[in-house]
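Observations on the three-dimensional arrangement
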Amino acid sequence: MQVPEVAEETGEPALAADSPVKGRSPRRRGRTTALIAGAAVLGVVAGGCTGYLIQADREPTKLSSLSQPTLVQAKGPAPEPLSAAQDRRVKTDGDLRKLLLKKPAGVQTAKWLSSVDGWLNLPAYAHTYVKPGEAFGDAVSDEFRRAVSTGWTKGQADFEVRLVQFRQEEVLAASEVTSGNQSWAAKESTTRSWPLPGTEDGMAYVHDKPKKKPGYLPQYFAEAYAWRGDVAVLIWVYDTKPVPKKTIMDLAERQMERL
């Protein structure tokens, strides 16, 4: 226990700095404070009761109607719907096949196309990938809406142009699918790439190292990926000789102009 200090002159314990002055009783505030608080509460209760009684004797205030007045149709002819030039969705919501590049004159239609009359349904679209089951699930997650494709053969070269449209209610799938395809294309060895003019982030790729398989001619290829709105654009060119940059760039630019 701490021993209090003793005053030198009186011999009595010294007072702490915060103790009451010697010989004076500390003030007692508890009772007075309680009386004031009680009066305040009674005042609030009394005021509330008085206000209630006054409001109860008054006539009810009429509220305004929640319904809105009927709008009068403006006179004159109804406005015409926006054209495809003014609203891109007018164009892409129509027959998507009409937006595909036209086959060059004098070429043969590709026999290896998976599309039927230009249309690719979901199973056919997924079957064009190395792992169809995985591709099918990805397409469902990406909110696949529809796809179309066209292709042709010219000499030893094969061409395919594909448009894939997504609903895009939850994700911006056209952009994401394009980005994924670009990542795979960029990983190929001895690859050159160029941005596509007039696109958000479209890219074209030429692979200078051919794929070789016993019994077959070497296969060179080029590809391009871009998107516009809810439509992804995929283009491939395969040949037994190197594919020129101009070939893939020209195809991609002309296809994007149609969107």
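Structure first, text after, so check above.
Quick look at the structure, then. For clarity, every value in this text was computed on a predicted model and none was experimentally measured. Here the residue numbers are simple positions, counted from 1 along each chain's written sequence. Totals for whole chains, interfaces and linings use all residues, but because this is a predicted model, local features are given only for residues with pLDDT of at least 70 and pairs of side-chain atoms are given and counted only at 80 or more. Remark: hydrogens and water are excluded; side-chain values derive from all non-hydrogen atoms of the structure.

Turning next to the packing of aromatic side chains. The criterion for an aromatic pair is that two Phe, Tyr or Trp rings (for Trp, the six-membered ring) have centres within 6.5 Å, with stacked assigned to planes under 30 degrees apart, edge-to-face to planes over 60 apart and tilted to the rest. Here the structure, examined in full by the defined rule, presents five aromatic pairs. Ring centres of Tyr125 and Tyr129 lie 5.6 Å apart, and the angle between their planes is 70°; this geometry places the pair in the edge-to-face category. Among the residues examined, Tyr125 registers a relative accessible area of 5% and is labelled buried. Assessed through its relative accessible area of 29%, Tyr129 is described here as partly exposed. Aromatic side chains Tyr225 and Trp236 sit 6.4 Å apart centroid to centroid with 80° between the ring planes, which places their arrangement in the edge-to-face category. The cut-offs for exposure are 20% and 50% of the maximum accessible area for each residue type, with area from a 1.4 Å probe on protein chains only; residues under the lower value are buried, those over the upper are exposed, and the others partly exposed.

What follows covers the layout of surface pockets. Here a cavity is any set of points on a 1 Å grid over the protein atoms alone where a 1.4 Å probe fits but cannot get out, and a pocket is any open set with protein on both sides within 12 Å along at least 5 of 7 lines; a residue lines the site when it has an atom within 4 Å of a point. Grid points are joined across faces, edges and corners, and a volume is the space filled by probe spheres set on the points. There is about 1200 Å³ of room inside the largest pocket. Along the wall of the largest pocket there are 33 residues; nearest its centre are Thr128, Tyr129, Val130, Asn181 and Trp236. Numbering goes from the N terminus for both helices and strands, where a helix is a DSSP run of H or I of at least four residues and a strand is a run of E of at least two. At the level of elements, helix H4 (132–141), strand S4 (157–166), helix H5 (173–187), strand S7 (219–228) and strand S8 (231–239) are the ones that each hand at least two residues to the lining of the largest pocket. Classification convention: Asp, Glu, Lys, Arg as charged; Ala, Val, Leu, Ile, Met, Phe, Trp, Tyr, Cys, Pro as nonpolar; all other residues, Gly among them, as polar. A per-class count over the lining of the largest pocket returns 17 nonpolar, five polar and 11 charged. What the second largest pocket holds in volume is close to 240 Å³.

So, about the nonpolar core. The set of buried Ala, Val, Leu, Ile, Met, Phe, Trp, Tyr and Cys residues whose side-chain atoms join them within 4.5 Å is what this entry labels a nonpolar core. One finds Leu163, Leu196, Ala224, Ile235, Ile248, Leu251 and Leu259 to be the most contacted residues of the largest nonpolar core, which totals 29 residues. Elements that contribute at least two residues to this core include exactly strand S3 (144–154), S4, strand S6 (203–211), S7, S8 and helix H6 (245–257). Counting residues per element, this core draws most heavily on H6, at five residues. Core analysis: the next-biggest nonpolar cluster, separate from the first, contains 19 residues, Ala124, Ala174, Met203 and Tyr225 among them.

The next point concerns the pattern of salt bridges. Any two side chains of opposite charge can pair, given that their charged atoms come close. Every case where a carboxyl oxygen of Asp or Glu lies within 4 Å of a side-chain nitrogen of Lys or Arg is listed as a salt bridge. Considering all chains together, one arrives at seven salt bridges under this definition. Between Asp95 and Arg97 there is a salt bridge; the shortest N-O distance is 3.0 Å. Classification of Asp95 as partly exposed rests on a relative accessible area of 28%. Linking Asp117 and Arg97 is a salt bridge whose minimum nitrogen-to-oxygen distance equals 3.0 Å. Placement of the pair is Asp117 in the loop between strand S1 (108–109) and strand S2 (119–120) and Arg97 in the loop between helix H2 (88–92) and S1, with a sequence separation of 20 residues. Residue classification places Asp117 among the exposed residues on the basis of a relative accessible area of 61%. Residue Arg97 is classed as partly exposed on the basis of its relative accessible area of 27%. A cluster of three or more residues bridged by salt bridges with shared partners is formed by Asp95, Arg97 and Asp117.

Without other data, these values stay purely geometric and don't point to any function.
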